[in-house]
Amino acid sequence: MNKNTKIIAGTGILTAIVVVLQLFGSAIKFGPFSVSLVLIPIVVGAALYGKWSGMWLGLAFGVTVLLSGDAAAFLTVNPVGTVVTVLLKGALAGLFAGLVYALIEKKNKIAATVCAAIVSPVTNTGVFLLGCLVFFMPTINEWAAGAGFESAGKFMILGLVGANFLFELGLNMVLVPVIVKLVNLGRKEQN
């Protein structure tokens, strides 16, 4: 099997895992949103197959979020803003994980994996927060006031993303040894 076929097949398998994990993860909530268990296979795919596979896996994550109803609260407020934010946050989380991994892997594969595993949830959450600022601030202000927060910023960090981000980042950090083993196994199979 040639290299491109292996990349397509591997990315296809990871795409299926991303979809299943996102659908499963949508039942696990910290705060108002479900956790993103899919960042792990996105990081694995980005490390194994490169930034474009990472980006594809992130897009698959975003599409699954939109189709599963996880973004319903935002879709009713601004459908275009929701689609842009959800797809962009997933795609960039995978793309940036792949870029960071590629930049660091020649020096140290474990450091590359740690950095990619950090960049993915930081990007996912950061782009979500930027999307909130650009597309949803009037609604965020209302939600913050309704939840008793003195500012929309505190509400966004503490009420919308805080627990989810910490869970996603923590899970990625705990699973770095597993990610490293998966990447090493995948590299052996590619050779």
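Before any of the text, the structure's been laid out above.
Residues numbered from 1 in each chain as written. Predicted model: local features only at pLDDT ≥ 70, side-chain atom pairs only at ≥ 80, totals over all residues. Heavy atoms only, no water.

Section: the overall build of the chain
Okay, so step 1: Helices and strands together make up the secondary structure of the chain, namely nine helices and two strands.
Okay, so step 2: In sequence order, the chain lays out its α and β elements as α-β-β-α-α-α-α-α-α-α-α.
Okay, so step 3: For 191 residues, the compact-globule estimate of 2.2 N^0.38 gives 16 Å, and the chain sits close to it at 17 Å.
Okay, so step 4: The C-alpha extent of the chain, read off along each of the three principal axes, is 55 × 30 × 25 Å.
Okay, so step 5: Looking at the chain residue by residue over its 191 residues, the buried ones come to 46%.
Okay, so step 6: Look at the contacts in the chain between residues 6 or more apart in sequence, and 70% of them connect residues 24 or more apart. (Helix = DSSP H or I, 4+ residues; strand = E, 2+ residues; numbered from the N terminus. Rg over C-alpha atoms; globule rule 2.2 N^0.38 Å. Buried < 20%, exposed > 50% of the residue type's maximum accessible area, 1.4 Å probe, protein only. Contact = heavy atoms within 4.5 Å.)

Notes on the nonpolar core
Okay, so step 1: Val18, Ile42, Phe61, Tyr101, Ile179 and Val183 are the most contacted members of the largest nonpolar core, which has 25 residues in total.
Okay, so step 2: Excluding anything up to four places from it in sequence, Ile42 contacts Val18, Gly54, Leu57, Gly58, Phe61, Gly94 and Ser120.
Okay, so step 3: Within the second largest apolar cluster, 13 residues are counted, among which are Leu129, Met137, Ala144 and Phe155. (Core = buried A, V, L, I, M, F, W, Y, C linked by side-chain atoms within 4.5 Å.)

Topic: the pattern of salt bridges
Okay, so step 1: Taken as a whole and judged by the stated rule, the model has one salt bridge.
Okay, so step 2: Among the salt bridges present, the one from Lys154 reaches Glu150, with a minimum N-O distance of 2.8 Å.
Okay, so step 3: Residue classification places Glu150 among the exposed positions, given a relative accessible area of 70%. (Salt bridge = Lys/Arg side-chain N within 4 Å of Asp/Glu carboxyl O.)

Some points on the side chain of Asn172
Okay, so step 1: In this fold, Asn172 is placed in helix α8 (residues 152–174).
Okay, so step 2: Only 2.9 Å separates the side chain of Asn172 from the backbone oxygen of Ala117, close enough to count as a polar contact.
Okay, so step 3: In this view, Asn172 contacts Leu39, Ile40, Val43, Ala117, Ser120, Pro121 and Ile179; residues no more than four positions away in its chain are not counted. (Polar contact = N/O pair within 3.5 Å; in protein donor to acceptor, adjacent residues only side chain to side chain.)

A word on the environment of Tyr101
Okay, so step 1: Structurally, Tyr101 is set in helix α5 (residues 79–104).
Okay, so step 2: Between the C-alpha atoms of Tyr101 and Gly10, which are 91 residues apart in sequence, the distance is 18 Å.
Okay, so step 3: Beyond its immediate chain neighbours, meaning those up to four positions away, Tyr101 contacts Ala47, Lys109, Ala112, Thr113, Ala116, Val183 and Arg187.

Topic: a nonpolar patch on the surface
Okay, so step 1: Together, Val80, Val84 and Leu88 give the surface a local cluster of nonpolar side chains, amounting to about 250 Å² of exposed area.
Okay, so step 2: Here Leu88 lies in helix α5. (Patch = residues over 30% accessible without salt bridge, like charges linked within 9 Å, V, L, I, M, F, W, Y side chains within 5 Å. Areas by Shrake-Rupley, 256 points an atom, 1.4 Å probe, with all protein chains shown as cover.)

Describing the packing of aromatic side chains
Okay, so step 1: A complete count under the given rule lists five aromatic pairs for this structure.
Okay, so step 2: Ring geometry for Phe74 and Phe128: centres 5.6 Å apart, planes at 85°, overall edge-to-face. With Phe74 in helix α4 (residues 72–75) and Phe128 in helix α6 (residues 109–135), this residue pair connects regions lying 54 residues apart in the sequence.
Okay, so step 3: Overall, the relative accessible area of 5% leaves Phe74 in the buried class.
Okay, so step 4: Note on Phe135 and Phe136: the rings are 6.1 Å apart at their centroids and 65° apart in plane angle, and the pair reads as edge-to-face.
Okay, so step 5: Accessibility expressed as a relative area gives 29% for Phe135, which makes it partly exposed.
Okay, so step 6: Counting every residue linked through ring pairs, the aromatic cluster contains Phe74, Phe128, Phe135, Phe136 and Trp143. (Phe/Tyr/Trp six-rings, centres within 6.5 Å; stacked < 30°, edge-to-face > 60°.)

Observations concerning the side chain of Thr11
Okay, so step 1: Tracing the sequence through the fold places Thr11 in helix α1 (residues 3–25).
Okay, so step 2: If we ignore the near neighbours within four places in the chain, the residues touching Thr11 are Tyr49, Ser53, Trp56 and Leu57.

Re α5
Okay, so step 1: Look at α5: 38 Å from first C-alpha to last across 26 residues, which is about the 38 Å you get at 1.5 Å a residue.
Okay, so step 2: Here α5 starts with a cap whose side-chain oxygen sits 3.3 Å from the backbone nitrogen of Val80, and that cap is Asn78. (Expected span 1.5 Å × (residues − 1).)

Comments concerning the environment of Leu158
Okay, so step 1: Considering the arrangement of structural elements, one finds Leu158 in helix α8.
Okay, so step 2: According to the relative accessible area criterion, Leu158 is exposed, its value standing at 60%.
Okay, so step 3: Residues Leu158 and Val84, spaced 74 residues apart in sequence, show a C-alpha to C-alpha distance of 23 Å.

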